[in-house]
Amino acid sequence: MTRTGRRRVVSGFDCDVLVIGGGIVGLSTAYALTRSAPGTRVVVLEKEEAPARHQTGRNSGVIHSGIYYRPGSLKARYAVTGAAEMVKFCAEHGLPHRVTGKLIVATRRDELPRLHSLVQRGRENGIPVRELGPAQIAEYEPGVRGLAAIHVGTTGVCDYGAVAEQLAVLAGAAGAEVRCGEEVVVVDRRPWGVAVRTASGTVLRARALVNCAGLHCDRVARLTGDDPEMRIVPFRGEYYELTDPSLVRGLVYPVPDPAFPFLGVHLTRGIDGSVHVGPNAVPALAREGYGWGVVRPGELAATLSWPGSWHIARRHWRYGAGELRRSLSKEAFAQEVRRLLPAVTEEALRPTDAGVRAQAVLRDGTLVDDFLIRETRQVVHVLNAPSPAATASLPIGREVARRVRAML
């Protein structure tokens, strides 16, 4: 191509960076790009009619401290810094939030070594942790029973939907554009950049592409021609609400099983005063399968055809059977909650909105434990960003923006 021809292609770009996905990570990336590289033309494409309709807007709103995550991992580093930044961001922009602290409670003797390991991990991650006995547990949460607990003071709650909306406003004020109702169906990579076509027929050309598609990030990666070497296996998290929120003052968690990325059924007093109970974790029958009645055969077939799904089933069938039982039986769910909060009855729980976790799974059945960000020519893929990604969204956005700027 002649020099003149190359110049003509560059002048024909619709933007410098195209971000696919209008959840909190995609919007944080747009915000970071406009702050770190003023004048960068950024367009965010979101397939829904408004941002934050999936993982961002369907969670318990916890600002995680980072205590659970392996020291040195992206999750540990970004959650610790992200929690402090999230509180500051909410305060600066008048968004609802509260630093409540939380209890992690051991209810069985075999959980005590794991609880002690969390104390050590918290200290390695620079998180202040206080160890509690049964009487001290009651000082924080009179209705909670346990053999021992730890108190993590830096945990809080906020409204991540409101945070995402504010990020969109700030990015927009700096020149970014958020286009909703635009699902990307074709990606064409060329030597000069990337072109995409949406379901509405819109065509956009950009110098670089960022894949923040969450539940669909592996599908988008394949549209670009890249093999992500993982698949998103969706797990639905089902929640209840306490009919009497006075039973819980703040946040109460069980001791998690390190073999799984799920934290177990916990109790979360949200910013509106309601107390969410959950989630459990059951396989969803669609990427956006928020109930047993939502089935998308093509997506289900893709999940079942991935070898990693069968490895998970064989390896963890006993754990999965327990989660399935609690999904189908409200009494079984209540029984699990009573380990922490003995006063809870089946009648004390009412169903509320479910969420779906986008869990990356490798071919051998390994559940990807850390955030996973990969670069290929002209593209940055965010391939695993479940919880605590909302907490960590500001540092994740900066890291993705840094990688994109290096490309440009």
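What you see is a predicted model, and the numbers here were worked out from it, not measured in a lab.

S.K.: Help me understand the overall build of the chain, please; the structure alone is not making it clear to me.
M.R.: On a plain count of helices and strands, the chain comes out with eleven helices and 20 strands. For the chain, the C-alpha atoms occupy an extent of roughly 75 × 45 × 35 Å along the three principal directions. In the chain, which comprises 408 residues, the share counted as buried stands at 54%. Long-range pairs, those at least 24 residues apart, make up 73% of the contacts in the chain between residues at least 6 apart in sequence. Surface summary for the chain: the accessible area is close to 17,100 Å², and the carbon and sulfur share equals 52%.

S.K.: Quick question: what am I supposed to make of unusual backbone geometry here?
M.R.: Look at the link from G278 to P279: it is a cis peptide, with omega at -5°. Of note, P279 is situated in the loop between β16 (275-278) and β17 (282-283). Of note, the amide linkage connecting S387 to P388 takes the cis form, showing an omega dihedral of 10°. You will see that E229, though not glycine, has its phi angle at about 60°, which is positive. You can see E229 is positioned in the loop between α7 (217-223) and β13 (231-242). The exposure class assigned to E229 is partly exposed, which follows from its relative accessible area of 48%.

Definitions and cut-offs
Residues numbered from 1 in each chain as written. Predicted model: local features only at pLDDT ≥ 70, side-chain atom pairs only at ≥ 80, totals over all residues. Heavy atoms only, no water. Helix = DSSP H or I, 4+ residues; strand = E, 2+ residues; numbered from the N terminus. Buried < 20%, exposed > 50% of the residue type's maximum accessible area, 1.4 Å probe, protein only. Contact = heavy atoms within 4.5 Å. Areas by Shrake-Rupley, 256 points an atom, 1.4 Å probe, with all protein chains shown as cover.

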